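Structural features, examined
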Amino acid sequence: MHTADKIDMRALREIPIIQGLSDDARDQLLRGSHIRVYERGETIFMQGDAADAFFIVLDGWIKVYRMTSSGEEAVVGVFTRGQSFAEAAAFSGGVFPATSEAVTECRIIRISAAHLSQTIASNPQIGLTMLASTSKHLHELVCQIEALKAHTGAQRVAEFLVSLTSVDDGDCTLILPYDKALIAGRLGMKPESLSRAFQKLKSYGVRIQQNKASISDIDILRDFIEQERSVVMHQGR
């Protein structure tokens, strides 16, 4: 482990949960925290473990999931650089309600729940920032549930691809950030449903080759998303 004070402070200021803090509050929160590197497939915490910390991702991807009664993974969230997770569990001082695992090699800041409680007691600004972060996660979960109920599989995949792009128009090629099984889990789909969705999106200029996605025209894909949304809304009447 390495202490967090060795992180490039400029990079830290770009992390949303840190951005809203004053320099003093940021230093106070990070004091005593540690950086740890996790290998791909390594468990960060297990469902039912004591919630003794929360985490900020510096590099890599991690997933948080629960096991269903049938023994399958239900992906709760996928997090990458600049994102934080497990704040609510650390706040409550109970147990982790899900399991977290490194999807790729990761560098993660670990901040103990005990240290968090102490810093909030002495600096309420940190508590407000943490509350805003947990509220954001809740909003994202609500949106995820809405997408599962109100969006078609192909629409979910198209929205996922658009979220990965950094272009406003024209063609683009992007690297899928993690394997297709996890993409399916994140989008609430079976792997075979994901394959069918990719097949359907071929008609809209999407080509998938291993871990690369080529989009011939991002506007066509956005139009498809709107068309699918209109169909779903019409069927729901």
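Rules and cut-offs
Residues numbered from 1 in each chain as written. Predicted model: local features only at pLDDT ≥ 70, side-chain atom pairs only at ≥ 80, totals over all residues. Heavy atoms only, no water. Buried < 20%, exposed > 50% of the residue type's maximum accessible area, 1.4 Å probe, protein only. Helix = DSSP H or I, 4+ residues; strand = E, 2+ residues; numbered from the N terminus. Pairing = 2+ DSSP bridges. Axes fitted to C-alpha atoms, helices over the stretch in contact; angles between N-to-C directions. Core = buried A, V, L, I, M, F, W, Y, C linked by side-chain atoms within 4.5 Å. Contact = heavy atoms within 4.5 Å. Polar contact = N/O pair within 3.5 Å; in protein donor to acceptor, adjacent residues only side chain to side chain. Phe/Tyr/Trp six-rings, centres within 6.5 Å; stacked < 30°, edge-to-face > 60°. Arc of directions from axis to C-beta.

**Brief notes about the pairing of strand β10 (residues 172-175)**
The side chains of a regular strand alternate between the sheet's two faces. Burial along β10 is one-sided: Cys172 and Leu174 are buried, and none of Thr173 and Ile175, which face the opposite way, are. In terms of strand pairing, β10 meets strand β12 (residues 212-215) through 4 bridges, oriented antiparallel. Across the sheet, residue Thr173 finds its bridge partner in β12, namely Ser214.

**Regarding the sheet that holds strand β5 (residues 62-67)**
One open sheet holds the 4 strands; their spatial order is β3-β8-β5-β6, and the pairing between them is antiparallel. At either end of the open sheet lies a strand with only one pairing partner, and these are β3 (43-45) and β6 (73-79). Strand-to-strand twist across the sheet, computed as the mean angle between neighbouring axes with direction ignored, equals 30 degrees. Bridge analysis of β5 against strand β8 (residues 99-102) gives 4 bridges, and the strand direction is antiparallel.

**Points about the sheet that holds strand β11 (residues 206-209)**
Spatially, the 3 strands line up as an open sheet ordered β10-β12-β11, and their pairing is antiparallel. Single-partner strands in this sheet number two, and they are β10 and β11. Strand-to-strand twist of the sheet, defined as the mean angle between neighbouring strand axes without regard to direction, takes the value 20 degrees.

**Section: the nonpolar core**
Buried together is how nonpolar side chains tend to be arranged in soluble globular proteins. Counting residues in hydrophobic clusters, the biggest one holds 36 residues, and the most contacted among them are Ile44, Phe54, Phe55, Ile56, Ile62, Phe85 and Ile108. If you tally residues by element for this core, the top one is strand β4 (residues 53-59), at 6 residues. For Ile56, the residues in contact, after removing those within four places along its chain, are Ile15, Ile17, Ile18, Gln83, Ser84, Arg107, Ile108, Ile109 and Ile111. With 30 residues, the next largest nonpolar core counts Leu161, Met189, Ala197 and Phe198 among its residues.

**Remarks on the side chain of Gln28**
Within the secondary structure layout, Gln28 lies in helix α3 (residues 23-30). Discounting chain neighbours no more than four positions away, the residues touching Gln28 are His115, Thr119, Ser122, Asn123 and Ile126.

**Some points on the environment of Arg66**
Structurally, the position occupied by Arg66 is in strand β5. Measuring from C-alpha to C-alpha, the distance between Arg66 and Val76 comes to 7.1 Å, with 10 residues separating the pair along the chain. Apart from the residues within four sequence positions on either side, Arg66 is in contact with Gln47, Glu72, Glu73, Ala74, Val76, Pro97 and Ala98. A polar contact is formed between the side chain of Arg66 and the backbone oxygen of Pro97, at a distance of 2.3 Å.

**Here we look at the packing of aromatic side chains**
Within this structure, the stated rule accounts for 9 aromatic pairs. Aromatic pair Phe55 and Phe85: ring centres 5.2 Å apart, planes at 20 degrees, arrangement stacked. Placement of Phe55 in strand β4 and of Phe85 in strand β7 (residues 84-85) is noted, with a sequence separation of 30 residues between them. In textbook terms, an aromatic cluster arises when at least three aromatic residues are bridged by ring pairs, as seen for Phe45, Phe55, Phe79, Phe85 and Phe96.

**A word on helix α5 (residues 113-122)**
Two residues of an α-helix separated by three or four positions point the same way, owing to the 3.6 residues in each turn. Within α5, the full set of buried residues consists of Ala113, His115, Leu116 and Thr119. Buried residues of α5, seen end-on, are gathered within an arc of 155 degrees and therefore sit on one face of the element. In α5, those exposed residues whose orientation departs by more than 90 degrees from the buried face are Gln118 and Ala121.

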